[in-house]
Amino acid sequence: MENDRKQAVGQALVLGPGGRLGTAWTAGLAAGLREFGLDLGEADLVVGTSAGAIVGAVLATGQDPSRLATLPARRPADASSVPRRPDPAVMGAVFAVLGDPALDPTEARRRVGRIALKTVDAVAEKRAIAQRAALITAETWPRRPLLIPAVDTETGEPIVWDAAAGVALVHAVAASSAFPGVEPPVTVDGRRYMDGALRDGVNIDLAAGARSVVVIDPLAHRHPHPVTEDAHFVAPDAAMVRLLDSERHDLEAWAAAYQAGETQARAAAEELRAHWRPVADRGCE
């Protein structure tokens, strides 16, 4: 069951899903913003979903996101960092379910879960966990509140993990970024979980109660958000949207996506200054 929590915090950072290139773009944006004096790692609460769970774990554990400018080097004969090619048939089946207006969200998640369970692969699961471990490097949950959602493949029920859940950080990140057709479900305490974006996209509701919310959403062009007064959204520019939609998986695309995020940081910093207060400026809040 999903944890019942209300956050009474100052600044919340919500990092949305975006696949491999969305991860690189988000990391580049965070690194660029840091150069302009806006350290997203200072958020009072971080909500990270899928790609956002990867970058969220890096930021919340106090690491420099510029470490993700290039992918971790792999040893010869080590396939752990080689990206898995998406399965178009599986992904097509998933999106057909998600696009069915006759299904309520829970039933849709159950059906997607049944599709995901057909892709169970112990070797691929182990590889996915190793990939996430190499990306986040941190082995333990941070003191700073970090929420990572996922979905139970059997029941369709969402779950939100935090430091108190007793789940290894790398397993939470791997499960939250296990989209059917891209990565197999991840086993946690004997149950299999899939991508946290299936809960509710960027899962902005998990930041309810925060004084201010900044949402970084690599896929905003596919799922536009309603305009709200209490949240500020940052989305990729047109050039990055084209790269995201290319679905490329090569190292050059990763580097290009990271650079696009870093470049966009200048404009994003100007927009965010009215919504983000560095720790040094918060006084005794």
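See above for the structure.
Here we summarise the structure given alongside this text.

1. Some words on the nonpolar core
Counting residues in hydrophobic clusters, the biggest one holds 59 residues, and the most contacted among them are Leu 13, Leu 33, Trp 161 and Leu 169. Top element by residues in this core is helix α9 (residues 251-272). It accounts for 9 residues. Of all hydrophobic cores here, the second largest spans 14 residues; its members include Leu 45, Ala 207, Val 213 and Ala 231.

2. Some details on the packing of helix α1 (residues 19-35) against helix α2 (residues 51-60)
As a packed pair, α1 and α2 sit with axes 8 Å apart at the nearest point and diverge in direction by 30°. As far as their axial angle goes, α2 and α1 are roughly parallel. Every pair of crossing elements has a handedness; the one defined by α1 and α2 is right-handed. Only Ala 51, Ile 54, Val 55 and Leu 59 of α2 make contact with α1, whose side of the interface consists of Gly 19, Gly 22, Thr 23, Thr 26, Ala 27 and Ala 30.

3. A short note on helix α3 (residues 88-98)
Those residues of α3 that sit buried are Val 90, Met 91, Val 94 and Val 97. All buried residues of α3 fall inside an arc of 120° around its axis, so they share one side. What points out from α3, more than 90 degrees from its buried face, is the exposed set Pro 88, Ala 89 and Ala 96.

Rules behind the numbers
Residues numbered from 1 in each chain as written. Predicted model: local features only at pLDDT ≥ 70, side-chain atom pairs only at ≥ 80, totals over all residues. Heavy atoms only, no water. Core = buried A, V, L, I, M, F, W, Y, C linked by side-chain atoms within 4.5 Å. Buried < 20%, exposed > 50% of the residue type's maximum accessible area, 1.4 Å probe, protein only. Helix = DSSP H or I, 4+ residues; strand = E, 2+ residues; numbered from the N terminus. Axes fitted to C-alpha atoms, helices over the stretch in contact; angles between N-to-C directions. Parallel < 35°, antiparallel > 145°, perpendicular 65-115°, else oblique. Left-handed = near helix turned anticlockwise from the far one by under 90°. Contact = heavy atoms within 4.5 Å. Arc of directions from axis to C-beta.

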